[in-house]
Protein chains: 2
Amino acid sequence: MISVVILGNGNVATHLYNAFSKAEDITVSKINSRNLESITDSDVTIIAVSDDAIQAVSKSIQHRKGLIVHNSGAVDIDTITNERKGVFYPLQSFTKDKSVDFNSVPFCLETKNSEDFNLLEALAKSIGEKTYKINSEQRKKLHVAAVFVNNFTNHMYKIANDICEKNNVPFEILYPLIEETAKKIQSISPIDAQTGPAKRNDEQTIKNHLENLNLQQQEIYKLITKSIQEN
Amino acid sequence: MISVVILGNGNVATHLYNAFSKAEDITVSKINSRNLESITDSDVTIIAVSDDAIQAVSKSIQHRKGLIVHNSGAVDIDTITNERKGVFYPLQSFTKDKSVDFNSVPFCLETKNSEDFNLLEALAKSIGEKTYKINSEQRKKLHVAAVFVNNFTNHMYKIANDICEKNNVPFEILYPLIEETAKKIQSISPIDAQTGPAKRNDEQTIKNHLENLNLQQQEIYKLITKSIQEN
């Protein structure tokens, strides 16, 4: 049995709490990080607050027993001031009202003391399947990479949506292409999966496309086309 | 029964041929566009050649009977010089050795004469489910939008892959996030689905991210971040 306390009230805190509540061999409670005086001991404490607040919360529970972890992709392990510390980073995009299948979520784990790793891995395995040992340096890079495949990719969708709306074309026509593009790179590396006018150096099509875009879209189109061609 | 002749030897020609071969009420043959003299009459002729070659092939079958269509996203219907003409554009990314589920492929259809539309729609429905009436102007915009959600998105994956490889992090950790990002916009519009440091205007994280990128990656990171913030 592993006992867990989650500090925080955000999406990640809520989704983790719901998952641990259903897991075998786990007892879990969730507490607003402003009510720290009332919390009982636990094997693991998850600081599930915004990046900026992690250090302050850690300091406020400085003498707490057990393993103290945060779940941020961008924050160093040493931001936690407790001695037994770690990182429990579920690499997924969490939306408030959308349920999460933790079996498909990769857990990126790190502990300061190697003897704590098994505990954190057991905790992840209680709700998920995939765990990775990722140190703080690697995690920072992974977080940048995640911005490209999540936020920036979503912005490509947003521009496409704008183009469709402006021209009375249903954006849903593009859903299957979006899905296929996302799936394809699981069997072919992105560089080999690339197609299209930039890759083919099809100048006439590129010129035609640019004529259909506004200035900001043109700037993005040109820069990514150049980057595809130089790679 | 609809008879179809496909002119061409590329991926789309092959995938369409395989699908029509299995369809009920369709007879299909596929011919290299260099052997045009040998082709028999058909209800529909699909010119499935590269964009640049469509007009020449059309001219070489100028007096052919039936409906003549191409399947390009970027080429105007009037590039076909025959009188009964149309466009049969399956909006999907086709890979040589990867089978295609046409039931999920949207067919963007256009005919010069309205009385030909039902024929083209019946042909699409024989192998697929989703058909859309899309004129040449709309199709051009859709083709630009497709570049953003396919080629440019794939380039975001490529950059993420580069970052992972350089730092000994398995790229596969990002697969679930990539899939979730692609699925999410089917229930939430891309602008509402956006999260991350650009959206939050989190300057410190943006600064940290830029330090981990090479010059070209930085340029792309800055431009897309700016575009997210201005939208």
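No experiment lies behind these values; they were computed from the predicted model shown.

Rules and cut-offs
- Residues numbered from 1 in each chain as written.
- Chains lettered and ligands numbered in written order.
- Predicted model: local features only at pLDDT ≥ 70, side-chain atom pairs only at ≥ 80, totals over all residues.
- Contact = placed C-beta atoms within 7 Å.
- Helix = DSSP H or I, 4+ residues; strand = E, 2+ residues; numbered from the N terminus.
- Nonpolar A, V, L, I, M, F, W, Y, C, P; charged D, E, K, R; others polar.
- Least-squares fit on C-alpha atoms with pLDDT ≥ 70 in both.
- Buried ≥ 20, exposed ≤ 12 C-beta atoms within 10 Å, placed from the backbone.
- Pairing = 2+ DSSP bridges.
- Axes fitted to C-alpha atoms, helices over the stretch in contact; angles between N-to-C directions.
- Core = buried A, V, L, I, M, F, W, Y, C linked by C-beta atoms within 7 Å.
- Domains from an automatic or database assignment.
- Parallel < 35°, antiparallel > 145°, perpendicular 65-115°, else oblique.
- Left-handed = near helix turned anticlockwise from the far one by under 90°.

Q: Looking at this model, I keep getting lost on the interface of chain B and chain A. Mind explaining?
A: Many analyses report the size of an interface as the accessible area lost when the parts associate. The interface is formed by 73 residues belonging to chain B together with 72 residues belonging to chain A. Elements represented by at least two residues in the side of chain B that touches chain A include exactly strand S6 (106-111), helix H4 (136-166), helix H5 (175-184), helix H6 (190-193), helix H7 (197-200), helix H8 (203-211) and helix H9 (215-229) of chain B. Residue composition of the side of chain B that touches chain A, grouped by class: 40 nonpolar, 25 polar and 8 charged.

Q: Looking at this structure, how should I read the relation of the copies chain B and chain A?
A: Turning one copy of the chain about an axis and sliding it along that axis gives the other copy, so a rotation and a shift relate them. Its rotation angle being 180°, the transformation that places chain B on chain A also includes 0.0 Å of axial translation and leaves an RMSD of 0.0 Å. The two molecules are tied by a two-fold rotation axis, judged by turn and shift. When C-alpha positions in chain B are compared against the rotation axis, the closest is assigned to B:Thr153, at 2.7 Å. When the interface residues of chain B are mapped onto chain A, 97% of them again fall at the interface, so both copies present the same face.

Q: I keep staring at unusual backbone geometry and nothing clicks. Help me out?
A: For residues that are not glycine, phi is negative in most cases, and the peptide bond is trans in most cases. Residues and elements named next belong to chain B. In this structure, Asn 168 takes a positive phi of about 55° despite not being glycine. Along the chain, Asn 168 turns up in the loop between H4 and H5. With 10 C-beta atoms packed within 10 Å, Asn 168 lands in the exposed category. Of note, Asn 201 is a non-glycine position whose phi angle comes to about 55°, a positive value. Mapped onto the secondary structure, Asn 201 falls in the loop between H7 and H8.

Q: Where do I start with the sheet that holds strand S7 (residues 130-133) of chain B in this structure?
A: Hydrogen bonds along the backbone pair up the strands of a sheet, which may run parallel or antiparallel. Residue and element names in this part refer to chain B. Strands sit in the order S2-S1-S3-S4-S5-S6-S7 across an open sheet of 7 strands; the sheet is mixed. A single partner strand is all that each edge strand has here, and the edge strands are strand S2 (26-31) and S7. This sheet shows a mean twist of 25° between the axes of neighbouring strands, independent of strand direction. Direction of pairing for strand S1 (residues 2-7) relative to strand S3 (residues 44-47): parallel, over a ladder of 4 bridges. Residue pairing for S3: Val 5 is matched across the bridge by Thr 45. Along the sheet face, helix H1 (residues 11-22) touches S1, S2 and S3 and points at about 155° away from the line of S2. Packing against the sheet, helix H3 (residues 117-127) makes contact with S1, S2, S3, strand S4 (67-70), strand S5 (85-90), S6 and S7, and its axis sits at approximately 160° to S6.

Q: I'm lost on the nonpolar core in this one. Help?
A: The tendency in soluble globular proteins is for nonpolar side chains to be buried side by side. Counting 137 residues, the largest nonpolar core has A:Ala160 and B:Ala160 as the members making the most contacts within it. The residues contacting B:Ala160, other than those within four sequence positions of it, are A:Ala145, A:Phe148, A:Val149, B:Phe171 and B:Leu174.

Q: Explanation requested: the domain arrangement of chain A in the structure shown.
A: Residues and elements named next belong to chain A. Structurally, chain A comprises domain 1 (2-134) and domain 2 (140-229). For domain 1 and domain 2, the distance between their C-alpha centres works out to 35 Å. Among the residues making up the side of domain 1 that touches domain 2, the classes are represented as 4 nonpolar, 2 polar and no charged.

Q: Before we go on, may I ask you to explain the packing of helix H4 (residues 136-166) of chain A against H9(B) in this structure?
A: When two helices pack together, you describe them by how their axes are tilted relative to each other and by the distance separating the axes. One way to put it is that H4(A) packs onto H9(B) with a least axis distance of 10 Å and a crossing angle of 60°. Relative to H9(B), the element H4(A) is oriented oblique. The handedness of the crossing between H4(A) and H9(B) is left-handed. In this structure, H4(A) contributes A:Asn151, A:Phe152 and A:His155 to the contact, and H9(B) contributes B:Ile224, B:Ser227 and B:Ile228. The residue makeup of the contact of H4(A) with H9(B), split by class, is 3 nonpolar, 3 polar and no charged.

Q: I'm lost on the sheet that holds strand S6 (residues 106-111) of chain A in this one. Help?
A: All names here are of chain A. If you walk across this open sheet you meet the 7 strands as S2-S1-S3-S4-S5-S6-S7, and the pairing is mixed. Edge strands, defined here as strands with exactly one partner in the open sheet, are strand S2 (26-31) and strand S7 (130-133). In this sheet, neighbouring strand axes are inclined to one another by 25° on average, regardless of whether the strands run parallel or antiparallel. As paired strands, strand S3 (residues 44-47) and strand S4 (residues 67-70) are joined by 4 bridges and run parallel to one another. In the sheet register, Ile 47 faces S4, and the bridge partner there is His 70. Lying over the sheet, helix H1 (residues 11-22) contacts strand S1 (2-7), S2 and S3, oriented at roughly 155° with respect to S2.

Q: I'm lost on the packing of H4(A) against H5(B) in this one. Help?
A: Running from amino to carboxyl end, H4(A) crosses H5(B) at an angle of 5°, the nearest separation of the two axes being 9 Å. When the axis of H4(A) is compared with that of H5(B), the two are roughly parallel. Residues A:Ala146, A:Val149, A:Asn150, A:Thr153 and A:Asn154 of H4(A) form the contact with H5(B), whose participating residues are B:Leu177, B:Ile178 and B:Thr181.

Q: Any chance you could explain the environment of B:Glu137 here in plain terms?
A: Mapped onto the fold, B:Glu137 is located in helix H4. On a C-alpha basis, the gap between B:Glu137 and B:Ile77 in space is 9.7 Å, while along the polypeptide they are 60 residues apart.

Q: Quick question: what am I supposed to make of the environment of B:Ser29 here?
A: Tracing the sequence through the fold places B:Ser29 in strand S2. Taking C-alpha positions, B:Ser29 is 9.5 Å from B:Ser42, a pair spaced 13 residues apart along the chain.

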